[in-house]
Amino acid sequence: MLERELEEKFRRRVKAAGGKAYKFVSPGNDGVPDRLVVLPGGRIGFVELKQKGQRPTALQQKRILELRSLGCVVMVLDRLEDMDTVLERIREGRREIHTA
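In short, a report on the structure.

Calculation notes
Residues numbered from 1 in each chain as written. Predicted model: local features only at pLDDT ≥ 70, side-chain atom pairs only at ≥ 80, totals over all residues. Heavy atoms only, no water. Core = buried A, V, L, I, M, F, W, Y, C linked by side-chain atoms within 4.5 Å. Buried < 20%, exposed > 50% of the residue type's maximum accessible area, 1.4 Å probe, protein only. Helix = DSSP H or I, 4+ residues; strand = E, 2+ residues; numbered from the N terminus. Phe/Tyr/Trp six-rings, centres within 6.5 Å; stacked < 30°, edge-to-face > 60°. Axes fitted to C-alpha atoms, helices over the stretch in contact; angles between N-to-C directions. Parallel < 35°, antiparallel > 145°, perpendicular 65-115°, else oblique. Left-handed = near helix turned anticlockwise from the far one by under 90°. Contact = heavy atoms within 4.5 Å. Pairing = 2+ DSSP bridges.

### Looking at the nonpolar core
Note that soluble globular proteins tend to have their nonpolar side chains buried in a common cluster.
Moving on, step 1. With 15 residues, the main nonpolar core has Phe-10, Val-14, Val-37, Val-47, Leu-77, Val-86 and Ile-90 as its most contacted residues.
Moving on, step 2. Those elements that place two or more of their residues in this core are helix H1 (3-16), strand S2 (35-39), strand S3 (43-49), strand S4 (73-77) and helix H3 (83-92).
Moving on, step 3. Here the element with the most residues in this core is H3; it accounts for four residues.
Moving on, step 4. Ranked by size, the runner-up nonpolar core spans five residues in total, among them Ile-64, Leu-67, Val-74 and Val-76.

Now the structure itself:
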C-alpha cells in the first residue's frame, strides 16, 4: 500500500474516532511528522506515515526525538492493522516511536 493510501485511511479512522488528523507542514523544518492528531479529551500526538516496512529517515528520526524530548507523543505507522494501536497510544499519552 502506498503511503498516501495509508494516510487517507488513517485520516478517516481518526475522524471516525471523533478526532482530527491535520496535515502537518512546518516551513523551514523539514522532516516533521506527516500528521498532527487531535483526539477528544485534548489528546494530541504526531504520526509519521510510511510504506510498509519503511523506517523514518535520519532527519525524520531527529525530529521525532526532538518532539519526544519535549514530552510529545510521536508514532510511526506503516501498517493498516496498527491504526487502532496508534490511536490508543495517543489517547494514553504513550510516547513510543514505533508500534511494535
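### Description of the packing of aromatic side chains
Moving on, step 1. Summed over all chains, the structure comprises one aromatic pair.
Moving on, step 2. For the ring pair Phe-24 and Phe-46, a centre distance of 5.4 Å and an interplane angle of 55 degrees mean the geometry is tilted. Placement of the pair is Phe-24 in the loop between strand S1 (20-23) and S2 and Phe-46 in strand S3, with a sequence separation of 22 residues.
Moving on, step 3. Here Phe-46 falls in the buried class, since its relative accessible area comes to 10%.

### Overview of the packing of H1 against H3
Moving on, step 1. Across the interface, H1 lies against H3 with an axial gap of 11 Å and an inter-helix angle of 50 degrees. Judged on the interaxial angle alone, H3 and H1 are oblique. Seen from above, H1 lies across H3 with right-handed handedness. Here H1 contributes Lys-9, Phe-10, Arg-13 and Val-14 to the contact with H3, which in turn contributes Met-83, Asp-84, Val-86 and Leu-87.

### Details of the sheet that holds S4
Moving on, step 1. Spatially, S1-S2-S3-S4 is the arrangement adopted by the four strands of the open sheet, whose pairing is mixed. Of all strands in the sheet, those with a lone pairing partner are S1 and S4, marking the two edges. Pairwise comparison of adjacent strand axes, ignoring direction, gives a mean angle of 30 degrees for this sheet.
Moving on, step 2. As judged from the five bridges shared by S3 and S4, these two strands associate in the parallel manner. In the strand pairing of S4, Glu-48 is matched with Val-76.
Moving on, step 3. Of the strands in this sheet, S3 and S4 are in contact with helix H2 (residues 58-69), which crosses S4 at around 150 degrees.

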